[in-house]
Amino acid sequence: MTLSSSNLSSWFSSNPTIKQTPSTKKAVNLTFKTGRSPCSLVTSNASKGSKKSVQDLPVKNGSSRYCLCCPRRHFLGVLGTGLLPVFPSFASDEDPMAVLNRIHPPRPDWYEEFYASAMEKAMTSYEAEIAGYKSQLFASLRGKVDKILEIGIGTGPNLKYYADYPGINVFGVDPNGKMEKYALAAAQNVGLSPSNFKFMQAVAEALPLDDASVDAVVGTLVLCSVKDVDKALQEVKRVLKPGGFYVFVEHVAAKDGTILRFVQGILDPLQQTVADGCHLTRKTATNIAEAGFASLDVNEVVLSTASFVNPHVCGIAYR
Ligand SMILES: C[S@@+](CC[C@H](N)C(=O)[O-])C[C@H]1O[C@@H](n2cnc3c(N)ncnc32)[C@H](O)[C@@H]1O
């Protein structure tokens, strides 16, 4: 396994546009076992509510799927992704279903199934390489969270890291309904009962959850694909309780001026078309740093299994 990482301060100094908010919370040392440098993580006083199943969680508008009266995901959807349309902005209090249908227009069933099945089968080596980092991130949340929302949950590769948290309830949000059966199977495999796991078809830009309703939001390889990164981050902040955690692993643009960044610029349009809207050149860590979290800890890693989809930033932002 080839992994490299840089610590937070050197990473920020090489990314001068990023401002790290000083933490007022107690820091604990966390060393990524597979990394070369320690990553300082911060404890939080995430408030824990009474234990409830996911059915008891506050769901905005009660809608979890697009309705049958909406046009099925059709050919225009594929064209829409491939031709990179500019979508209008939307208000934060819009109906999640309306936003889903507008910014993630229906794709044909075969396309969604193909992508879901590809994600299920093709990520094994990547997941093995990133496992050490994910384990460390999720270990730091153990015992501090009851309710987790995972945005862009896909086939559910992260469930195994937190399924055994005591009394955990999980919402998984994804616009691709074909991910549901894979996510449900992953939940079952790691011992999450259907009463403690709920899949919801929605987008991160309009989460179907109430304000301050979850202790943690998880998102891995998602902000590369959302239509509006800043809107998604504002939604993450909205649904997090004060003191809550946003755990992320995202691939970002390589450093400006490098050969890798040049290659990413060439491949970006193709990547968006073949990988369901995934962008190679986003500076997602900057978006996270500027989203207004109370504090942020982030580590940069290069993964040998991810080829030109590098580097990755992984960390925790604190509400
Ligand atoms: C590369 S996959 C990652 C899936 C999973 N998080 C993982 O780590 O394997 C990107 C996921 O983001 C979902 N996605 C795309 N646009 C989204 C949006 N606007 N909001 C939430 N999820 C989105 C896709 O359907 C897909 O499941």
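The rules behind each value
Residues numbered from 1 in each chain as written. Predicted model: local features only at pLDDT ≥ 70, side-chain atom pairs only at ≥ 80, totals over all residues. Helix = DSSP H or I, 4+ residues; strand = E, 2+ residues; numbered from the N terminus. Buried ≥ 20, exposed ≤ 12 C-beta atoms within 10 Å, placed from the backbone. Contact = placed C-beta atoms within 7 Å. Near = placed C-beta within 6 Å. Nonpolar A, V, L, I, M, F, W, Y, C, P; charged D, E, K, R; others polar. Core = buried A, V, L, I, M, F, W, Y, C linked by C-beta atoms within 7 Å.

- You'll find the protein entered in an unreviewed UniProt entry as Putative methyltransferase, with Handroanthus impetiginosus given as the organism.

1. Considerations on the overall build of the protein
Then step 1. Helix and strand content of the protein: ten helices and ten strands.
Then step 2. Counting the 319 residues in the protein, one finds 45% classified as buried.
Then step 3. The contacts of the protein with a sequence gap of at least 6 include a subset with a gap of at least 24, amounting to 78%.

2. Focus: the environment of phenylalanine 197
Then step 1. Relative to the helices and strands, phenylalanine 197 is located in strand β6 (residues 197-200).
Then step 2. For the pair formed by phenylalanine 197 and leucine 184, sequence separation is 13 residues and the distance between their alpha carbons is 7.8 Å.

3. A few points about the site of the ligand
Then step 1. Around the ligand there are 23 residues in total, and Gly152, Gly154, Val203, Ala204 and Thr220 lie nearest to it.
Then step 2. In terms of residue class, the shell around the ligand is made up of twelve nonpolar, seven polar and four charged.

4. A word on the nonpolar core
Then step 1. Counting 77 residues, the largest nonpolar core has Ile148, Leu149, Val173, Ala216, Val217, Tyr246 and Val247 as the members making the most contacts within it.
Then step 2. Top contributing element to this core by residue count: strand β8 (residues 240-251), with six residues.
Then step 3. In contact with tyrosine 246, not counting residues within four places along its chain, are Val217, Val236, Leu240, Phe293, Ile316 and Ala317.

5. Section: the environment of glycine 177
Then step 1. Along the chain, the position of glycine 177 falls in the loop between β5 (169-173) and α7 (179-189).
Then step 2. On the basis of neighbour count, glycine 177 is assigned to the partly exposed category, with 19 C-beta atoms found within 10 Å.
Then step 3. Separated by 25 residues in the primary sequence, glycine 177 and alanine 202 place their C-alpha atoms 9.0 Å from one another.

6. Some thoughts on unusual backbone geometry
Where the residue is not glycine, phi is negative for most of them; where a peptide bond is considered, it is trans in most cases.
Then step 1. Cis rather than trans, the peptide bond between asparagine 310 and proline 311 has omega equal to -5 degrees.
Then step 2. Mapping proline 311 onto the fold places it in the loop between β9 (295-303) and β10 (312-318).
Then step 3. At leucine 221, a position not held by glycine, the phi torsion is positive, near 55 degrees.
Then step 4. Position of leucine 221 among the secondary structure elements: in the loop between β7 (214-220) and α8 (229-239).
Then step 5. Overall, leucine 221 belongs to the buried group, with 22 C-beta atoms counted inside 10 Å.

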